[in-house]
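Chains, contacts and geometry: an overview
Chain by chain, the residues run as shown.
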Amino acid sequence: VGFVNVLNASTVYKVVPTRNEAGRYNGIGGLSGGGKDVYVVKTDNLERRFLGIGGLSAGATSKLLMNYPEEQRNQILDYLFKPGFGASLQMLKVEIGGDAQSTDGTEASHMHYPWDENYQRGYEWWLMVEAKKRNSDILLYCLPWAFPAWIGARKRDPSNDPELTASYVVKFIQGARKYYNLTMDYVGIWNERPYSSKYIKTLRQMLDEAGLDRAPKIVASDDLGWEPIASDILADEELAKAVDIIGVHYPGTTTTQKAIDTGKPLWSSEDYSSFNDNVGAGCWARILNQNYVNGYMTSTISWNLIASYYEDLPYARDGLMTADSPWSGYYRVDAPIWVTAHTTQFAWPGWYYAPQGSGSSLLKDGGSMVSLVSWDSTQLTIVIETMSRNHSMCIRPYLPEYEVRPQNISIQLQGYFAQLTSMFVHYSKLGFDGEDSILFKDMGTIPVVNGTIHLSLGVDEMYTLNTIGGGRKGNSSNIPPQKPFPLPYMDDFESYQEFMEPFNLAQQVGAFEIIKTTSSHGNVVRQMVLEAPIFWCEKETSPFNIIGNTSWSDIYVELDVYIGTVNATSGAYVAARVNKGGCESFSAEGVFFFIFPGQGIIVTGDLARTKELYKQDMNISTNTWYKMELLVKDGQVICLLNSKLVVRIAAPVSPAPQNGFVALGTADFGLADFDNLKIADST
Ligand code: 147
């Protein structure tokens with residue numbers, strides 16, 4: 001059972017793990033000769049500091065996480081954040097909710113209205129607290145995708161009134177501190193949307209004057225290119241002072257001379273967004289190394305942190321791991337977690353990258369290596385990846401053709417590290433075409449002889465050579481089996497704390513939160529948004545909240561609905577067979593049963609109400625609870641209002657969706673209350 005396979009009589013060692021042993025590398029001495037390709041690691045001229053690997057919770061990607069049974073929830077959080085256990089993430093970036101759709105749902109704003117301020121909404125606060133509990137050093141970074149309408153001061157543009165927008169962002173940062181003792185390390189501008197230099201400078205000034213004991217650094221501009229931010233920084237001294245870090249999205253591992261000339265740290269502040277199978281893991285391994293090797297980037301953040309949204313929403317499973325089944329407790333620890341561990345369990349923010357050509361470089365026969373040195377220059381970590389092109393494509397940008405071949409390499413340590421006699425080894429090989437993967441395997445040590453290490457690298461492999469030791473592959477047992485969304489399903493919302501979002505209702509437009517009332521209804525779910533927000537998506541229609549399973553076809557839904565008179569919506573609905581969410585929500589189709597006080601009822605085939613299936617004038621009152629029932633069964637749509645049959649029509653036929661989520665919501669931005677949701681199969 002060899003972990004060390006002597007390829008030829010002399011020298012080159014291939015770490016060949018077998019699947020069932022504990023894998024101690026039995027360091028064989030007497031190395032000479034070695035790989036034809038020699039990589040020199042020089043650590044005397046260190047410049048750029050590694051600033052950590054992060055995960056991004058935004059666009060409602062963590063929606064379903066909070067509702068996991070406590071045991072599994074803790075296990076999942078450990079895989080993400082607990083040092084020396086799993087991904088051991090060093091940075092957590094979160095959305096500053098803006099009451100608007102931001103990819104897989106809407107995240108609530110801390111200020112729905114100018115007169116409103118609330119730090120109990122959503123799940124980002126909770127997530128940050130859980131991350132900090134596990135790693136008090138984790139760095140926090142926040143960024144808005146969208147803004148409530150009032151932020152634009154009568155324009156749909158957060159740059160229109162810089163002081164107003166900055167005070168809104170500063171409040172979020174102060175609230176984090178005041179209510180959760182969380183210190184924001186970094187703050188961004190507006191995700192993938194235009195910035196104004198004026199706003200960035202105003203934000204810098206207001207952060208500095210906000211009485212924070214440590215004001216966050218500004219990252220700009222979280223957009224898809226290095227321009228115009230790099231040129232703007234070069235041309236404007238005051239802007240250069242305000243911006244601490246240039247953060248770019250999906251850089252394809254490259255940067256520009258202008259970006260380098262700014263002298264700022266360069267980050268890939270959003271990257272990955274790839275399905276988390278082994279190809280996704282290959283993508284992540286390649287960009288984690290090559291964002292530095294090719295593009296000088298010293299931090300890379302994964303969108304998303306964890307795929308905790310209904311799988312049929314956009315960008316299914318584009319997270320480091322998957323937890324989208326809270327009702328069963330089932331989750332998956334996907335390979336990107338162990339790819340992350342290859343760096344994060346052996347190097348920390350503040351360490352230095354060895355410069356390109358002196359320990360960080362592309363490998364001659366494909367792949368790359370980076371060398372990281374501790375702040376005091378006593379520890380060395382070398383991360384190597386050899387991901388082939390077809391096994392490491394990311395969602396974007398296009399990946400040019402390249403070859404990776406098995407190769408023998410020699411790594412020559414110079415200076416202080418030349419005296420090492422061995423280094424610890426962790427190893428992964430991503431399996432394809434039915435082959436098993438080996439993930440984050442402890443291989444013991446590899447000999448260093450005369451400062452030289454010989455390695456025989458295969459394809460789609462990772463090695464972490466390190467002096468620090470440790471490295472632990474956390475393992476939580478008892479992952480429950482996956483089950484479909486349970487039926488019958490009932491929620492009277494009484495178990496929630498006020499201002500929370502109902503757990504399984506994945507809001508796509510609008511913000512729905514638990515409000516305590518003194519009526520016999522007790523807790524209700526209230527749609528809170530009064531005015532169309534400053535969208536992140538191209539457009540939004542009516543507040544829209546989905547739940548359940550897209551395989552549902554014949555289904556029964558029951559819901560109590562109340563529409564008042566002050567700031568109220570004009571109508572409200574329950575729906576079935578709903579086929580869309582995310583930025584496409586405006587075009588969602590299904591069967592929608594609406595009531596409009598003072599008007600009557602309609603049944604439509606879409607959320608936007610362009611496909612009317614039935615209409616009837618009827619006396620419906622404001623300030624009154626109605627029980628709405630929608631049954632889709634055997635080719636019929638049946639609606640009841642206060643237990644009275646009001647609609648019986650043929651169900652729309654294909655191409656109208658024949659299956660989909662259940663949904664509820666309001667006809668326009670405005671208040672409505674919902675209670676006693678029941679979903680059952682149609683029998
Ligand atoms: C990014 C967003 O910033 C994320 O919130 C999330 O939506 C992510 C999903 O992949 O995508 O936005 C992008 C949308 C489109 C492109 C790039 C980023 N694009 O077409 O190049």
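Each chain has its residues counted from 1, following the order in which its sequence is written. Per-residue local features of the predicted model are confined to residues with pLDDT of at least 70, and side-chain atom pairs are confined, for both listing and counting, to 80 or more; whole-chain, interface and lining totals are unaffected and use all residues. Only hydrogens and water are set aside when side-chain values are computed; all heavy atoms of the structure are taken into account.

Quick look at the packing of helix H1 (residues 70–81) against helix H2 (residues 124–134) now. Where H1 meets H2, the closest approach of the two axes is 10 Å, and the angle between their N-to-C directions is 65°. In terms of their interaxial angle, H1 and H2 are classed as roughly perpendicular. As H1 packs across H2, the resulting crossing turns out to be right-handed. In contact with Arg73, Asn74, Leu77, Asp78 and Phe81 of H1, H2 contributes Trp126, Leu127, Glu130, Ala131 and Arg134. The residue classification treats Ala, Val, Leu, Ile, Met, Phe, Trp, Tyr, Cys and Pro as nonpolar and Asp, Glu, Lys and Arg as charged. All others, Gly included, are polar. When its residues are assigned to classes, the contact of H1 with H2 shows 5 nonpolar, 1 polar and 4 charged. Between the N-to-C directions of two axes lies an angle of 0 to 180 degrees, each axis being a line fitted to C-alpha atoms and, for a helix, fitted only over the stretch in contact. Secondary structure elements are defined from DSSP: runs of H or I of at least 4 residues count as helices, runs of E of at least 2 residues count as strands, and each element is numbered from the N terminus. Our angle categories are set so that under 35 degrees counts as roughly parallel, over 145 as roughly antiparallel, 65 to 115 as roughly perpendicular, and the remainder as oblique. Here a crossing is taken to be left-handed if its near helix is turned anticlockwise relative to the far helix by less than a right angle, and right-handed if that turn runs clockwise. Contacts between residues were defined by any pair of non-hydrogen atoms, one from each residue, lying within 4.5 Å.

Right, let's talk about the pairing of strand E8 (residues 217–223) for a bit. Partly exposed describes any residue whose relative accessible area lies between the buried limit of under 20% and the exposed limit of over 50%, with all areas from a 1.4 Å probe on protein chains only and scaled to the type maximum. For E8, a buried count of 5 out of 7 residues is recorded, marking the element as mostly surrounded by other parts of the structure. A right-handed crossover is one whose linking path, passing over the helix from the first strand to the second, runs clockwise when the strands point away from the viewer. Handedness of the β-α-β unit built from strand E7 (residues 186–187), helix H4 (residues 197–208) and E8 comes out right-handed. For two strands to count as paired, DSSP must find a minimum of two bridges between them. With 4 bridges connecting them, E8 and strand E9 (residues 245–249) associate as parallel partners. Looking at the pairing, Asp223 lines up with Val248 of E9.

Here the focus is the pattern of salt bridges. For this analysis, a salt bridge means a side-chain nitrogen from Lys or Arg found within 4 Å of a carboxyl oxygen belonging to Asp or Glu. On inspection of all chains with the given rule, the structure shows 23 salt bridges. A salt bridge links Asp673 to Arg526; the nearest nitrogen and oxygen atoms lie 2.7 Å apart. Of this pair, Asp673 sits in strand E37 (residues 672–681) while Arg526 sits in strand E26 (residues 523–527), placing them 147 residues apart in sequence. The closest approach of N and O atoms between Lys627 and Glu558, which form a salt bridge, is 3.7 Å. Here the residue Lys627 occupies a position in strand E33 (residues 624–633), and Glu558 occupies one in strand E28 (residues 555–563), the gap between them amounting to 69 residues. The class for Lys627 is partly exposed, based on a relative accessible area of 26%. One connected set of salt bridges, linked through shared partners, spans Asp78, Glu130, Lys133 and Arg134.

So, about the site of the ligand. Neighbouring the ligand are 13 residues, the closest being Thr103, Asn191, Glu192, Glu270 and Ser273. Polar contacts here mean pairs of N or O atoms no more than 3.5 Å apart (in protein, one a potential hydrogen donor and the other a potential acceptor; neighbouring residues in sequence count only if both atoms are side-chain atoms). One of the side-chain N or O atoms of Arg396 is found 3.1 Å from an oxygen atom in the ligand. Surface accessibility follows the Shrake-Rupley procedure with a 1.4 Å probe radius. Residue values consider only the protein chains on display as shielding. Protein chains shield 76% of the accessible area of the ligand, which is 460 Å² for the free molecule. Across the shell around the ligand, the residue classes break down as 6 nonpolar, 4 polar and 3 charged. For this purpose, a residue is taken to be near a molecule or strand whenever a single non-hydrogen atom of the residue falls within 4 Å of it.

So, about the packing of helix H3 (residues 162–180) against H4. The N-to-C vectors of H3 and H4 enclose an angle of 45°; their axes lie 9 Å apart at closest approach. Compared by their axis directions, H3 and H4 come out oblique. Seen from above, H3 lies across H4 with right-handed handedness. Across from Pro162, Glu163, Thr165, Ala166, Ser167, Val169, Val170 and Ile173 in H3, the residues of H4 making contact are Lys198, Tyr199, Thr202, Leu203, Met206 and Leu207. Partitioning the contact of H3 with H4 into residue classes produces 9 nonpolar, 3 polar and 2 charged.

Before going further, it helps to examine the packing of aromatic side chains. Two rings from Phe, Tyr or Trp (for Trp, the six-membered ring) form a pair when their centres sit within 6.5 Å of each other. Planes less than 30 degrees apart are called stacked, planes more than 60 degrees apart edge-to-face, and all others tilted. All chains considered together, the criterion is met by 36 aromatic pairs. Measuring from ring centre to ring centre gives 4.9 Å for Tyr113 and Trp115, while their planes differ by 20°; the resulting arrangement is stacked. An aromatic cluster of three or more residues is present, and its members are Tyr79, Phe85, Tyr331, Trp338, Phe346 and Phe440. Charge-over-ring contacts are defined here by two conditions on Lys NZ or Arg CZ: a distance within 6 Å of the ring centre and an angle within 35 degrees of the ring normal. Taking the ring centre of Phe535 as reference, the NZ or CZ of Arg156 above it sits at 5.0 Å.

Here the focus is the side chain of Gln527. As for its position among the elements, Gln527 is in strand E26. For Gln527, a relative accessible area of 0% corresponds to the buried category. At a separation of 2.8 Å, a polar atom in the side chain of Gln527 contacts the main-chain amide nitrogen of Val529. The contacts of Gln527, once residues within four sequence positions are left out, are Gly510, Ala511, Phe512, Pro543, Thr666, Phe669, Gly670, Leu671 and Ala672.

What pLDDT reports is the predictor's confidence in each residue, on a scale of 0 through 100. Scored by pLDDT, the protein chain comes out at a mean of 95, with 95% of its residues at no less than 70. Per the prediction output, this complex has pTM 0.95; the corresponding ipTM is 0.95.

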